[in-house]
Amino acid sequence: KEELVAFFQELNDYIEQHFKFEEGLMAEMGYVYMDSHIIMHNNFIEKIQHAYNTAINNEETDYFTYLIDMVSSWITNHILTEDVKFGKFLSKSTD
């Protein structure tokens, strides 16, 4: 259980740091879709917290599959769409 707590803590720390940086950059650059993007970040954090609670409380032994599915979905549906959209905004803003 100790390793599980450490894993989720590292994951949470990384996500928090990454989202804070990204959201700060959005604010600095005046990104129009910042509010909806932050909502997506918050929803993802809630899902990570749910996975953590499930794993710690042994409510489900298949939490790892849930976590992998969730992260895969995040990469496909958020990073490859929303973050790419923000990247294009940044490119246009810095030209």
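Just above, that's the structure.
Everything numeric here is computed off the predicted structure, so don't read it as measured data.

S.K.: Quick one: what's the story with the environment of Leu67, residue by residue and with numbers?
M.R.: Relative to the helices and strands, Leu67 is located in helix H3 (residues 63-94). Judged by its relative accessible area of 4%, Leu67 falls in the buried class. In sequence terms Leu67 and Lys47 are 20 residues apart; their C-alpha atoms lie 8.7 Å from each other.

S.K.: Can you break down the nonpolar core residue by residue, with the values?
M.R.: Membership of the largest hydrophobic core is limited to twelve residues, which are Leu4, Phe8, Ile15, Phe19, Phe44, Ile48, Ala51, Ala55, Ile56, Leu67, Met70 and Trp74. Among the elements that make up this core, the one with the highest residue count is helix H2 (residues 34-56) (five residues). Once you skip the residues sitting within four places of it in the chain, Leu67 turns out to touch Phe7, Phe8, Leu11, Ile48 and Ala51.

S.K.: Explain helix H1 (residues 2-29) to me, using residue names and the numbers behind them.
M.R.: With 28 residues, H1 extends 41 Å from end C-alpha to end C-alpha; this agrees with the ideal 40 Å at 1.5 Å per step. Buried within H1 we find Leu4, Phe8, Ile15, Phe19, Glu22, Glu23 and Met26. Gly30, located one to two residues past H1, shows a positive phi value of around 70°.

S.K.: Could you give an account of H3, with specific residues and numbers?
M.R.: Taken as a whole, H3 carries its principal kink of about 35° at Ile79. Of the residues making up H3, those classed as buried are Leu67, Met70, Trp74, His78, Glu82, Asp83, Phe86 and Leu90. Buried-residue contacts for H3 involve H1 and H2.

Conventions we followed
- Residues numbered from 1 in each chain as written.
- Predicted model: local features only at pLDDT ≥ 70, side-chain atom pairs only at ≥ 80, totals over all residues.
- Heavy atoms only, no water.
- Helix = DSSP H or I, 4+ residues; strand = E, 2+ residues; numbered from the N terminus.
- Buried < 20%, exposed > 50% of the residue type's maximum accessible area, 1.4 Å probe, protein only.
- Core = buried A, V, L, I, M, F, W, Y, C linked by side-chain atoms within 4.5 Å.
- Contact = heavy atoms within 4.5 Å.
- Expected span 1.5 Å × (residues − 1).
- Bend = angle between axes of the 7 residues up to and from the residue.

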